[in-house]
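# Structure at a glance
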Amino acid sequence: MTPSEKYTAAAYLVVFVGVLAYVVIIASKLGRLQREVARLVELAKERHEPLELAKERQHG
Amino acid sequence: MKALSSRLPVVAGGCLVLFTAALALAFFYAPTDANQGLSQRIFYFHVPLAFTAYACFGWGAWKALRHLWKRDPEADLESYVAIHQGVIFGALTLATGSIWAKISWGVWWSWGEDQLVLFLVLFLFYCAYFMLRYSVDPGPQRANMCAVYALFGVALIPVSFLAIRLSKSFIHPVVFTSHGYNMTNPQFLTFCVCLAAMLSLFVTLYSIELAGKRLDASLRELRELLA
């Protein structure tokens with residue numbers, strides 16, 4: 001490879017790696033949001049369960 | 001832009017098609033420059049990256065103005081995301097420009113070049129935006145301060161763009177002059193496709209990041225309600 005080819009490849013590679021790094025960061029943030037949603041669903045279920053039990057006792 | 005988030009797969013697909021076309025044109029269609037040889041092809045990504053960075057900062061400033069003028073509740077977040085994108089595109093502009101400088105001029109950086117130094121000033125100015133944003137507690141005061149800062153920064157864009165034309169001694173090539181573009185038609189077509197690809201990348205990444213930030217804000221609200 002000539003120096004011109006090496007530098008041109010490096011320039012295009014920098015853009016590709018830059019965009020890839022950004023996508024990886026966004027993907028990790030998305031993973032964190034998914035875990036947060038799962039945690040909030042669990043919390044909502046815990047809140048909802050005592051109400052369900054109380055309703056069952058009333059009917060029972 | 002809210003409608004744009006719902007059409008994200010289409011935008012992302014368009015971005016992929018444009019990037020494929022841009023790479024194909026840059027390497028197989030555009031003629032090799034007689035003076036610079038293969039390294040001239042860096043231009044097809046370097047200049048669109050710089051123009052996209054300007055577009056990001058301009059969009060961020062427009063949203064900042066909307067925040068101050070219309071009190072649009074979404075404008076502060078949109079301005080922040082656009083400036084964040086601008087800093088990413090700006091960093092890539094500096095990196096590709098530096099590689100081009102090394103092969104063309106034999107140096108990674110030249111402090112004597114107004115165009116380079118002014119772009120660096122613009123980039124550092126917007127880097128400092130994040131220092132301001134994260135040093136103030138969230139709220140209307142922070143949104144106002146950030147909006148004013150973003151508006152000040154946009155004044156640097158025409159200065160940065162025109163620096164190369166106002167400078168008396170330069171080695172940085174001038175492609176766009178008042179007489180038109182200084183390149184062949186196939187080169188100009190390739191440049192236009194590359195610019196469209198880069199702008200579509202900005203729209204795609206902007207929509208993704210904005211959707212993520214909005215989701216994060218909604219979850220924070222939900223967490224507070226459940227706490």
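What comes next concerns the included structure. Just so it is clear, the model here is predicted, and its values are computed rather than measured. (Residues numbered from 1 in each chain as written. Chains lettered and ligands numbered in written order. Predicted model: local features only at pLDDT ≥ 70, side-chain atom pairs only at ≥ 80, totals over all residues.)

The next subject is the nonpolar core. Within the largest apolar cluster, 57 residues are counted, with the highest numbers of intra-cluster contacts made by Cys56(B), Ile83(B), Cys194(B) and Phe202(B). Contributing elements (two or more residues each) for this core: helix H1 (3-59) of chain A together with helix H2 (8-29), helix H3 (43-70), helix H4 (75-105), helix H5 (114-133), helix H6 (140-154) and helix H8 (185-226) of chain B. Looking at which element gives the most residues to this core, the answer is H3(B), with 14 residues. Ignoring any residue separated from it by four or fewer positions in sequence, one finds Ile83(B) in contact with Cys56(B), Phe57(B), Gly60(B), Tyr126(B), Tyr129(B) and Ala150(B). (Core = buried A, V, L, I, M, F, W, Y, C linked by C-beta atoms within 7 Å. Buried ≥ 20, exposed ≤ 12 C-beta atoms within 10 Å, placed from the backbone. Helix = DSSP H or I, 4+ residues; strand = E, 2+ residues; numbered from the N terminus. Contact = placed C-beta atoms within 7 Å.)

Right, let's get into the packing of H3(B) against H4(B). Residue and element names in this part refer to chain B. Packing of H3 against H4 leaves a shortest axis separation of 7 Å and a crossing angle of 160°. Our classification of the angle between H3 and H4 gives roughly antiparallel. Judged by the sense of rotation from one axis to the other, the crossing of H3 with H4 is left-handed. A breakdown of the residues in the contact of H3 with H4 according to their chemical character gives 14 nonpolar, 11 polar and 4 charged. (Axes fitted to C-alpha atoms, helices over the stretch in contact; angles between N-to-C directions. Parallel < 35°, antiparallel > 145°, perpendicular 65-115°, else oblique. Left-handed = near helix turned anticlockwise from the far one by under 90°. Nonpolar A, V, L, I, M, F, W, Y, C, P; charged D, E, K, R; others polar.)

Residue and element names in this part refer to chain B. Of note, the phi angle at Arg-71 is positive, near 60°, even though the residue is not glycine. Counting through the fold element by element, Arg-71 comes out in the loop between H3 and H4. Classification of Arg-71 by C-beta neighbours within 10 Å gives exposed; the count is 11.

Once that is clear, we can look at the packing of H5(B) against H6(B). When two helices pack together, their arrangement is captured by the angle between the axes and the distance separating the axes. All names here are of chain B. Contact pair H5 / H6: the axes reach a minimum separation of 10 Å and the direction vectors enclose 175°. Between H5 and H6, the angle falls in the class roughly antiparallel. Contacts from Phe-125, Tyr-126, Tyr-129, Leu-132 and Arg-133 in H5 reach Arg-142, Met-145, Cys-146, Tyr-149, Ala-150 and Gly-153 in H6. Class assignment for the residues of the contact of H5 with H6 results in 8 nonpolar, 1 polar and 2 charged.

Residues and elements named next belong to chain B. When you line up the elements, Asn-185 lands in helix H8. Note on Asn-185: 8 C-beta atoms within 10 Å, which makes it exposed. Taking the C-alpha atoms as reference points, Asn-185 and Val-81, separated by 104 residues in sequence, lie 35 Å from one another.

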